[in-house]
Amino acid sequence: MNRRTFLSFASTLSLGLAFGRQTEAALTVDPNTTLAVADQSEFVRHLFDASGEAPNLEFKASFPNFAGGPAILEAMRAGALDIAYVGDTPPIQARAAGTLLPIIGTFTREVAQYRLTSRPGLVINKLADLKGKKLSYIEGSGRQVFLIEALNRAGISLKDVELVNLRVADLPDAVRSGAVDVAVLTEPHVTRLTKQAGASPVLDPVERQILPSTSYFYARPAALADPKKVAAVESFLGAFTRGAKWANANRQAWGKFYYTDFQRISPDDTAAILAAESPLVLPTSAEAIPHHQKLIDILYQAGSIKERFDAKTSFVSTFDPVIVAAR
């Protein structure tokens with residue numbers, strides 16, 4: 001890890017957190033404040049629209065859409081983003097590379113949303129059948145730790161498989177064409193490839209229990225040092241938490257809005273996706289730390305990161321009160 005870079009980010013972060021603690025009870029949002037929020041699969045934007053929370057964002061929000069954590073990290077480093085919706089691995093890989101991007105919010109589902117999906121003509125019944133196969137591998141994406149833990153459960157190491165480095169956006173075509181035997185996918189791609197191309201999710205029931213689906217919002221430290229952006233982030237996280245609560249209580253309406261109307265998934269397939277999807281849970285930073293440490297340990301033990309660091313120092317608790325109030 002580049003210690004100078006890490007300490008520079010940590011110093012900037014401490015200024016923002018000091019501000020947050022001093023003004024936690026009286027943050028006023030400036031409507032002229034802009035907040036650039038990295039989105040993926042346009043999930044966040046659609047959640048705000050479907051739940052009716054979009055008008056409650058008291059600032060100027062933009063939601064540039066990205067395919068995967070590595071692309072988001074580059075945009076964050078370039079100063080083009082303030083906060084980002086990412087999977088469970090990007091904050092760890094960023095920190096391992098010397099860039100501290102503090103986690104400001106967490107949301108999770110007990111049942112994994114990632115699915116190990118095999119190419120047409122190949123049926124994987126047990127995780128042990130992954131040995132010797134060509135597997136997609138995307139370092140810095142949440143798919144990375146999911147795949148490693150799947151191999152761990154099967155008693156297989158990374159050396160026992162052929163890893164194919166791909167971008168997230170290339171995964172559906174790689175499965176469809178047979179460029180890989182198995183890829184870690186999310187909906188709606190799993191359902192689409194199963195219906196249209198004859199692909200199939202791994203059948204081992206353990207596969208759905210490998211890891212819960214955990215996603216984070218992480219922040220650019222300079223944004224947390226800006227009082228106006230801190231107020232906007234608080235507004236954002238409150239609205240997101242209320243939106244997630246609405247989606248849990250209105251699953252059919254959410255499914256129609258996001259999967260059927262936006263993703264163009266048939267109503268029957270939307271119903272199947274919703275039936276396999278567990279509710280969103282919004283933990284505080286203290287509640288989220290143990291699982292994050294587990295992820296760090298998985299990557300460290302696999303040799304994917306060189307340092308086993310303390311998960312506690314990757315989180316900030318500044319915004320926990322607004323999350324607790326909204327959930």
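Here the structure is a predicted model, which is why all the values come from computation and not from measurement.

Along its length, the protein carries 13 helices and 11 strands. Over its C-alpha trace the protein gives a radius of gyration of 20 Å, about what one expects of a compact globule, namely 20 Å for 327 residues. For the protein, the proportion of its 327 residues judged to be buried stands at 55%. Contacts in the protein between residues far apart in sequence, at least 24 positions, make up 82% of those at least 6 positions apart. Approximately 13800 Å² of the protein is accessible, and the part contributed by carbon and sulfur atoms is 51%. If you average the places of the 35 positive and of the 33 negative side-chain charges in the protein, the two averages end up 2 Å apart.

Here we take up the pattern of salt bridges. Summed over all chains, the structure comprises 17 salt bridges. Close ionic contact of Glu149 with Arg153 constitutes a salt bridge, the shortest N to O distance being 3.2 Å. Within this pair, Glu149 and its partner Arg153 are both found in helix α5 (residues 142-154), separated by four residues, close to a single helical turn. A salt bridge links Asp170 to Arg167; the nearest nitrogen and oxygen atoms lie 3.0 Å apart. Using a relative accessible area of 27% as the deciding quantity, one classes Asp170 as partly exposed. With a relative accessible area of 56%, Arg167 lands in the exposed category. Put simply, Glu42, Arg45 and Asp49 are held in one network by salt bridges that share partners.

This part is about the packing of helix α2 (residues 43-51) against helix α9 (residues 227-249). When two helices pack together, their arrangement is given by the angle between the helix axes and the distance between those axes. Contact geometry of α2 with α9 gives a least axis separation of 9 Å together with a crossing angle of 70°. Relative to α9, the element α2 is oriented roughly perpendicular. On the side of α2, the interface is formed by Phe43, Val44, Leu47, Phe48, Ala50 and Ser51, while α9 contributes Phe236, Ala239, Phe240, Gly243, Ala244, Trp246 and Ala247.

Okay, the pairing of strand β7 (residues 134-137) next. Pairing geometry for β7 and strand β8 (residues 162-165), over four bridges, is parallel. For Lys134, the partnering residue across the bridge sits in β8 and is Glu162. Note on the crossover from β7 through α5 to β8: the handedness is right-handed.

Look at α9: 34 Å from first C-alpha to last across 23 residues, which is about the 33 Å you get at 1.5 Å a residue. One side-chain oxygen of the residue at the start of α9 lies 3.0 Å from the amide nitrogen of Lys228, identifying that residue as Asp226.

Turning our eyes to something else, we now look at the domain arrangement of the protein. Size of an interface: often given as the accessible area lost when the parts come together. When the domains of the protein are assigned, the result is domain 1 (34-110 + 212-326) and domain 2 (114-209). The straight-line distance from the C-alpha centre of domain 1 to that of domain 2 is 23 Å. Residue-level contacts link 22 residues of domain 1 with 21 residues of domain 2. Around 1700 Å² of area is buried between domain 1 and domain 2 when both sides are counted, 59% of it from carbon and sulfur atoms. Where domain 1 touches domain 2, the interface holds one salt bridge.

For soluble globular proteins, nonpolar side chains are generally found buried alongside one another. By size, the foremost hydrophobic cluster in this structure holds 48 residues, and its most contacted members are Ile72, Leu81, Leu116, Leu130 and Tyr218. Other than its neighbours up to four places away in sequence, Leu130 contacts Leu116, Ile124, Leu135, Leu151, Ile156, Val161 and Val182. With 40 residues, the next largest nonpolar core counts Leu27, Phe236, Tyr259 and Ile273 among its residues.

Another point: the side chain of Ser215. Here Ser215 shows up in strand β11 (residues 213-219). According to the relative accessible area criterion, Ser215 is buried, its value standing at 12%. Setting aside its immediate chain neighbours within four residues, Ser215 contacts Tyr85, Val86, Gly87, Gly105, Thr106 and Phe107.

Another aspect to go through is the packing of α5 against helix α12 (residues 285-301). Two elements in contact, α5 and α12, have axes separated by 10 Å at closest approach and are oriented at 70°. In this view, α5 runs roughly perpendicular relative to α12, as classed from their interaxial angle. Of the two possible hands of crossing, α5 and α12 adopt the one that is left-handed. Facing Gln144, Val145, Ile148, Glu149 and Asn152 of α5, the residues of α12 in contact are Leu295, Ile298 and Leu299. Classifying every residue of the contact of α5 with α12 by side-chain character gives five nonpolar, two polar and one charged.

So, about the packing of aromatic side chains. Counting across every chain of the model gives 20 aromatic pairs. Arranged with centres 5.8 Å apart and planes meeting at 85°, the rings of Phe43 and Trp254 form a pair that is edge-to-face. In this pair, Phe43 is assigned in helix α2 and Trp254 in helix α10 (residues 251-262), connecting sequence segments 211 residues apart. Both residues of the pair, Phe43 and Trp254, count as buried. Both rings, one in Phe217 and one in Phe236, keep their centres 5.1 Å apart while their planes meet at 90°; by these two values the pair is edge-to-face.

Procedures and definitions
- Residues numbered from 1 in each chain as written.
- Predicted model: local features only at pLDDT ≥ 70, side-chain atom pairs only at ≥ 80, totals over all residues.
- Heavy atoms only, no water.
- Helix = DSSP H or I, 4+ residues; strand = E, 2+ residues; numbered from the N terminus.
- Rg over C-alpha atoms; globule rule 2.2 N^0.38 Å.
- Buried < 20%, exposed > 50% of the residue type's maximum accessible area, 1.4 Å probe, protein only.
- Contact = heavy atoms within 4.5 Å.
- Areas by Shrake-Rupley, 256 points an atom, 1.4 Å probe, with all protein chains shown as cover.
- Lys, Arg positive; Asp, Glu negative; His and termini not counted.
- Charge placed at Lys NZ, Arg CZ, Asp CG, Glu CD.
- Salt bridge = Lys/Arg side-chain N within 4 Å of Asp/Glu carboxyl O.
- Axes fitted to C-alpha atoms, helices over the stretch in contact; angles between N-to-C directions.
- Parallel < 35°, antiparallel > 145°, perpendicular 65-115°, else oblique.
- Pairing = 2+ DSSP bridges.
- Right-handed = clockwise from strand over helix to strand, strands pointing away.
- Expected span 1.5 Å × (residues − 1).
- Polar contact = N/O pair within 3.5 Å; in protein donor to acceptor, adjacent residues only side chain to side chain.
- Domains from an automatic or database assignment.
- Buried area = accessible area lost by both parts, 1.4 Å probe.
- Core = buried A, V, L, I, M, F, W, Y, C linked by side-chain atoms within 4.5 Å.
- Left-handed = near helix turned anticlockwise from the far one by under 90°.
- Nonpolar A, V, L, I, M, F, W, Y, C, P; charged D, E, K, R; others polar.
- Phe/Tyr/Trp six-rings, centres within 6.5 Å; stacked < 30°, edge-to-face > 60°.

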